[in-house]
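Summary of structural features
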Amino acid sequence: MQLESLLSEFNKELGTVTKVADLLNLKAKYIGKQGPLADLMKNIKDASPEEKKRIGSVANEFKTSIEAIVSKKMLELEISEINASLEKDKTDISLTDSVLEKGLQAGGHHPVSIIQQEIEDIFISMGFEVLDGPHIEDEYHNFEALNIPATHPARDMQDTFWFADKKHLLRTHTSTIQVRGMKERKPPFRFVGPGKVFRCERTDASHEMVFHQLEGMMVGEDVSVGNLIYFMKTLLAEIFKRSVEVRLRPGFFPFVEPGFELDIQCLICGGKGCSVCKQVGWVELLPCGMVHPNVLKSGGIDPEKYNGFAFGLGLDRLVMMRYGIDDIRHLHSGDLRFNSQFKSY
Ligand code: PHE
């Protein structure tokens, strides 16, 4: 058979091919081992030398043109197969709009997440790192390394959820983050560690078994109570978008010495006294203090050379003050009427 007519037949068949596999079959049919080209080459041995030369070059040309056509077509098919699968697996990022059009509600951020994100950003802008830590802790990180030995009455200050092995617990505060944070770095450093904490307490309007803290720690050569107050005032002014009066009262926490309760002047009455501040003019917001030398030692830091401050900000209380929420239990209610009021960071 004439190779030219074979070529036009091939081209005709090519027009119907839509899949890579079919294209490969078509190629094999024409220039594969069982195809007409192979037949032609089998007979070549009986031909004269000139004939051999002629047939060889025509056959070669035929093979090259088929290969060129196939590889061009292959590229086209591959591109269209990729496009088809992209089309099929496409993510519809317009979903939010179309859901809203159907009258359904879009999700929002939880108010605790909103405040946590804001506070992280404020601390990052002041050169702090943001660290994480596990919810399930051991006694060492929750108590011992924080200067609370087994017999210390301060263990009773925080009602603890213990695991059956009596060695593990749900962390009662984010101070656990301090210990690994110290061990993993060399002073000077500053970091915050936000997260959930757990206490085995009866719930009421201002107490939950699960709530949120944001721990902070700064260690260096000459860190002072003045530094602590400065960072706290800057933080609070950023959160409440106005300058805030603070005062320190002595407070006891085994991991700080001296320890303080930092109060802010009531933002509702400006210090005159109202129901929110129970007529005192001040609201207790933030336990803090200078890191106890024993705690620095647990973190592998020489307390003769370095010192630092630490604080534990209660995020739920801040959320309640910011948004005027009067019952902490709303925060975990999962009630969409509550949650959907807070939309973005
Ligand atoms: N970890 C303390 C608590 O949860 C708070 C705190 C943190 C106090 C850091 C002082 C310094 O009660």
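Calculation criteria
All chains use their own residue numbering, which begins from 1 and follows the written sequence. At least 70 in pLDDT is required for a residue's local features to be given in this predicted model, at least 80 for side-chain atom pairs to be given and counted, and no such filter applies to totals for whole chains, interfaces and linings, which use all residues. Side-chain measures were taken over the full set of non-hydrogen atoms in the model, leaving aside hydrogen atoms and water. When accessible area is computed with a 1.4 Å probe and restricted to protein chains, residues below 20% of their type maximum are described as buried, those above 50% as exposed, and intermediate ones as partly exposed. Strands are runs of DSSP state E lasting at least two residues, helices are runs of H or I lasting at least four, and both sets are numbered from the N terminus onward. When DSSP finds two or more bridges between a pair of strands, those strands are recorded as paired. Cysteine sulfur pairs qualify as disulfides if the two atoms are within 2.5 Å. Here, residues are in contact when the closest pair of their heavy atoms is within 4.5 Å. Every axis corresponds to a line fitted to the C-alpha atoms, with the helix fit spanning only the stretch in contact, and the corresponding angles, defined between N-to-C directions, vary from 0 to 180 degrees. The rule for a residue being near a molecule or strand is that one of its heavy atoms must lie within 4 Å of it. Between N or O atoms, a polar contact is any pair within 3.5 Å; within protein, one atom must be a potential hydrogen donor and the other a potential acceptor, and residues adjacent in sequence are included only when both atoms are from side chains. Surface accessibility follows the Shrake-Rupley procedure with a 1.4 Å probe radius. Residue values consider only the protein chains on display as shielding. Basically, the charged four are Asp, Glu, Lys and Arg, the nonpolar ten are Ala, Val, Leu, Ile, Met, Phe, Trp, Tyr, Cys and Pro, and anything else, Gly included, counts as polar. Two rings from Phe, Tyr or Trp (for Trp, the six-membered ring) form a pair when their centres sit within 6.5 Å of each other. Planes less than 30 degrees apart are called stacked, planes more than 60 degrees apart edge-to-face, and all others tilted.

**Description of the pairing of strand 4 (residues 189-198)**
Taking burial as the measure, the ten residues of strand 4 include eight buried ones, the bulk of the element. Bridge count between strand 1 (residues 129-130) and strand 4: two bridges; the pairing is parallel. Residue V130 lies in a different strand from strand 4, and its bridge partner there is V192. When strand 4 meets strand 5 (residues 210-220), the two strands line up antiparallel, connected through ten bridges. Counterpart to R190 in the pairing with strand 5 is M218.

**Observations regarding the state of the cysteines**
In a disulfide, the sulfur atoms of two cysteines are covalently bonded to one another. On inspection of all chains with the given rule, the structure shows zero disulfides. C274 carries a free sulfur, and the closest cysteine sulfur to it, the one in C269, is 3.7 Å from it. Unpaired in this structure, C288 has its nearest cysteine sulfur neighbour in C266, at a distance of 19 Å. A residue is classified by how much of its surface remains accessible, and C288, at 2% relative accessible area, is buried.

**Structural notes on the sheet that holds strand 6 (residues 246-250)**
The strands making up a sheet associate through backbone hydrogen bonding, with each pair oriented either parallel or antiparallel. Taken together, the seven strands give an open sheet; going across it, the order is 1-4-5-9-8-7-6, and neighbouring strands pair in mixed fashion. Of all the strands in the sheet, just strand 1 and strand 6 have a single pairing partner and so form its edges. Strands strand 4, strand 5 and strand 9 (307-314) of the sheet are contacted by helix 8 (residues 176-183), whose axis makes an angle of about 150 degrees with strand 4. Contacts from helix 11 (residues 315-323) reach strand 5, strand 7 (256-265), strand 8 (282-291) and strand 9, with the element oriented near 55 degrees to strand 9.

**Focus on the site of the ligand**
With respect to spatial proximity, 14 residues lie near the ligand, and among them H173, S175, R199, Q213 and E215 are the closest. Separating a nitrogen atom of the ligand from a side-chain N or O atom of H173 is a distance of 2.9 Å. At 2.9 Å from an oxygen atom of the ligand is found a side-chain nitrogen or oxygen belonging to R199. For the ligand, the protein covers 95% of the area, taking 330 Å² as the surface of the free molecule. Looking at the shell around the ligand, the elements with two or more residues in it are strand 5, strand 8 and strand 9. Here the shell around the ligand gets three residues from one element, more than from any other, and that element is strand 9. Its residues assigned to classes, the shell around the ligand comprises seven nonpolar, five polar and two charged.

**Focus: the packing of aromatic side chains**
Tallied over the entire structure, the rule returns twelve aromatic pairs. A ring pair is formed by F253 and F255, whose centres lie 6.1 Å apart and whose planes are at 35 degrees; its orientation type is tilted. On the basis of relative accessible area, F253 is assigned to the buried category, the value being 15%. An aromatic cluster is built from F123, F128, Y230, F231, F309 and F311, whose rings are joined through pairwise contacts.

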